[in-house]
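# A look at the structure
Now for the letters of each chain:
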2 protein chains.
Amino acid sequence: MAFPSRVRIVEVGPRDGLQNEAAQVPTGIRLELIDRLGEAGLRTIEAGSFVSPRWVPQMTDTADLVRRLKRRPGVAYPVLVPNEKGLDAALAAGADEIAVFAAASQAFSRKNINCSVEESLARFAPVLERALANGIRVRGYVSCVLGCPYQGDVAVADVVRVAGELTAMGCYEISLGDTIGVGTPLAARRLVDAVSASIPLQHVAVHFHDTYGQALANIFACLERGVSVVDSSIGGLGGCPYAKGATGNVATEDVVYMLQGMGVETGVSLDRLIETSLFIARALGRAPRSHLAMARTAG
Amino acid sequence: MAFPSRVRIVEVGPRDGLQNEAAQVPTGIRLELIDRLGEAGLRTIEAGSFVSPRWVPQMTDTADLVRRLKRRPGVAYPVLVPNEKGLDAALAAGADEIAVFAAASQAFSRKNINCSVEESLARFAPVLERALANGIRVRGYVSCVLGCPYQGDVAVADVVRVAGELTAMGCYEISLGDTIGVGTPLAARRLVDAVSASIPLQHVAVHFHDTYGQALANIFACLERGVSVVDSSIGGLGGCPYAKGATGNVATEDVVYMLQGMGVETGVSLDRLIETSLFIARALGRAPRSHLAMARTAG
């Protein structure tokens, strides 16, 4: 596949990002963050999570938040849903898109959601069925695609299998997540090659963490294979839950800078992204974490 | 050219890095840093500079340092030389290799060394001639290859011309420096393509800054063209002189992590690099700046 002329950025900061920040952000700030991201031109903005508040206290207000969303035409606001109960809550709140998640690693699945990968997929089958019957699109996340904090190596075949099953259940897109950021470009590319041999490449998104600084190099290597959907988090929100203080999600503004520099369209305003990055850093009471924000505020 | 199976890292931390740090480091610490880098497996370690102490006070002790170097077999310790007077000092101290530098940008050359690019090259001609006559190898740096803090855009043709002239004068290797870190992977690769159309690719090194987070992606894009020499700075020493507080030189340990992950040999021990990175951060009294050091010390 050719290098893409256009890339869709999936902004995960308001959910994946904020749920891994120490500080809890008020609903009003989360709504303003989401609005600013839409204003900046992002067209998929992960808004919240219906995972139990016991596990993710930062997302307790998601039902309220989804009801109050100032929806922009053409923008999707997916919410994370762990099971049928979560789906009920998402439907009741009026969510327009949901996301489900499974690990490529058995050890991670057991530690994280206390069941095997197969059990987690089985649990999602009725969620997908009912969501699709209600006209709700479903995005699928596969975590630990290039390594696991508990079992170490993860077989490419395991990623291919989970991505294939989520696709077969009806996910319109599969996001391949390097949850602990250990992957390097040739491994990332081999993974994309393997996955796209069994599901269409245009349904494959990549989700890299910058813990070891590899995210942009990995993204570039995957763009060269024609990948055209990239997950990222404004200001690098989220950090790394497995190495406190380390970098986590790649920052949206760093990704957009690279894409713009290569003439790849994103429809996103870099200046507005940086303003938004500084806005949420202020709300969290800490310095911004992206290279772009640091370079622009330095001097 | 094929993806390289082996890459030579040119470690620039003890010179390019430390000369851009606010704190001055005692000669003994610089000697220990250089020794630790050699112990880690690096085979080219830029040791110091004979540029006037008026401009670079951090390098005042270079003559003393070169005399006291504990030389390891097979390791080169180049020193930066600005003119014939600098060469005299380097020869007197017993330097085994020197480096000369020119900008691809006229505006940068005038601001930085107060003469045109052509004048700077003419000034280096007798330096090269005498160095080579004394059996001293000469490395050439070209700065501002993907952008200039004063003139903005820099023409690829200007980089090609300066790289070609330095090669014609006898430099064994040309390091292409993105001094302000603005380049992105496709631009970096186009530059390598243009330069290697006029000088042999094996004489081309790349020198990226991480100011905008692009360094590893740029390096990867150039490796794909067969580039096999990469400049980097332990712990990201140096910062960015044009944006105080921002990231500068790409960190050696981040580069080596990427290369190891891709099965590219470097001959360098990542664990020893990280120890060395923590050692020099302690000596400077600040936190380490590389992704690897941050991830390894987080928790």
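Calculation notes
Residues numbered from 1 in each chain as written. Chains lettered and ligands numbered in written order. Predicted model: local features only at pLDDT ≥ 70, side-chain atom pairs only at ≥ 80, totals over all residues. Heavy atoms only, no water. Helix = DSSP H or I, 4+ residues; strand = E, 2+ residues; numbered from the N terminus. Buried < 20%, exposed > 50% of the residue type's maximum accessible area, 1.4 Å probe, protein only. Pairing = 2+ DSSP bridges. Contact = heavy atoms within 4.5 Å. Axes fitted to C-alpha atoms, helices over the stretch in contact; angles between N-to-C directions. Right-handed = clockwise from strand over helix to strand, strands pointing away. Buried area = accessible area lost by both parts, 1.4 Å probe. Salt bridge = Lys/Arg side-chain N within 4 Å of Asp/Glu carboxyl O. Polar contact = N/O pair within 3.5 Å; in protein donor to acceptor, adjacent residues only side chain to side chain. Nonpolar A, V, L, I, M, F, W, Y, C, P; charged D, E, K, R; others polar. Parallel < 35°, antiparallel > 145°, perpendicular 65-115°, else oblique. Least-squares fit on C-alpha atoms with pLDDT ≥ 70 in both. Left-handed = near helix turned anticlockwise from the far one by under 90°.

## Points about the environment of Lys111(B)
On the secondary structure map, Lys111(B) appears in helix 5 (residues 106–113). Looking at Lys111(B), the relative accessible area reads 61%, which means it is exposed.

## Focus on the sheet that holds strand 5 (residues 97–103) of chain B
Residues and elements named next belong to chain B. Read across the sheet, nine strands follow the order 2-1-9-8-7-6-5-4-3 without closing on themselves; strand pairing throughout is parallel. Single-partner strands in this sheet number two, and they are strand 2 (44–45) and strand 3 (48–49). Sheet topology places strand 3 next to strand 4 (residues 79–80); two bridges connect them, and they run parallel. Across the sheet, Gly48 pairs through a bridge with Val79, a residue of strand 4. Lying over the sheet, helix 6 (residues 117–133) contacts strand 5 and strand 6 (137–143), oriented at roughly 165° with respect to strand 5.

## Here we look at the pairing of strand 9 (residues 229–232) of chain B
In summary, the side chains of a regular strand alternate between the two faces of the sheet. Residue and element names in this part refer to chain B. Across the two faces of strand 9 the burial is the same, with Val229 and Asp231 and Val230 and Ser232 all buried. Of the strand pairs in this sheet, strand 1 (residues 8–11) and strand 9 are connected by four bridges, and their pairing is parallel. Across the sheet, residue Val10 finds its bridge partner in strand 9, namely Asp231. Sheet topology note: the strand 8 (residues 204–208)/strand 9 ladder contains two bridges and is parallel. Considered in strand 9, the bridge of His207 is made with Asp231. Crossover handedness for the path strand 8 to helix 9 (residues 215–223) to strand 9: right-handed.

## Details of the interface of chain A and chain B
Taken together, the contact between chain A and chain B spans 32 residues of the former and 32 residues of the latter. Summed over both sides, the interface of chain A with chain B buries roughly 2,700 Å², with 66% coming from carbon and sulfur. Contact with chain B buries surface across chain A, with Tyr212(A), Tyr257(A) and His291(A) losing the most and accounting together for 22% of the total. Taken together, chain A and chain B are joined by two salt bridges. Across the salt bridge formed by Arg189(B) and Glu224(A), the nearest N and O atoms sit 2.8 Å from each other. Taken together, the links from chain A to chain B amount to six residue pairs in polar contact (both at pLDDT 80 or more). Listed by contribution, the elements that provide at least two residues to the side of chain A that touches chain B are helix 8 (185–196), helix 9 (215–223), helix 10 (252–261) and helix 12 (291–297) of chain A. For the side of chain A that touches chain B, the per-class residue count stands at 18 nonpolar, nine polar and five charged.

## Here's the deal with the packing of helix 5 (residues 106–113) of chain A against helix 6 (residues 117–133) of chain A
Packed helix pairs are characterised by how far apart their axes lie and by the angle those axes make with each other. Residues and elements named next belong to chain A. In contact at an axis separation of 8 Å, helix 5 and helix 6 are set at 60° when each is read in the N-to-C sense. In terms of orientation, helix 5 and helix 6 fall into the oblique class. Of the residues in helix 6, those touching helix 5 at Gln106, Ser109, Arg110 and Ile113 are Val117, Glu118, Glu119, Ser120 and Arg123. Considered class by class, the residues forming the contact of helix 5 with helix 6 number two nonpolar, three polar and four charged.

## A closer look at the relation of the copies chain A and chain B
Mapping chain A onto chain B calls for a rotation angle of 180° and an axial translation of 0.0 Å; the resulting RMSD is 0.0 Å. On this basis, the relationship between the two copies can be described by a two-fold rotation axis. Among all residues of chain A, the minimum C-alpha distance to the rotation axis is found for Ala217(A), at 1.9 Å. Looking at chain A, 100% of its interface residues are interface residues in chain B too, so the copies touch through the same face.

## Some points on the packing of helix 6 of chain B against helix 7 (residues 156–169) of chain B
Residues and elements named next belong to chain B. For the pair helix 6 and helix 7, interaxial distance at closest approach is 9 Å and the crossing angle is 25°. In terms of axis orientation, helix 6 runs roughly parallel to helix 7. Classified by chirality, the crossing of helix 7 by helix 6 is right-handed. For the pair helix 6 and helix 7, contact is made by Val117, Glu118, Leu121, Phe124, Ala125, Leu128 and Leu132 and by Arg161, Val162, Glu165, Leu166 and Met169, respectively. Tallied by class, the residues present in the contact of helix 6 with helix 7 amount to nine nonpolar, no polar and three charged.

## A closer look at helix 9 of chain A
With nine of nine residues buried, helix 9 of chain A lies mostly within the body of the structure. Within helix 9 of chain A, the full set of buried residues consists of Ala215(A), Leu216(A), Ala217(A), Asn218(A), Ile219(A), Phe220(A), Ala221(A), Cys222(A) and Leu223(A).

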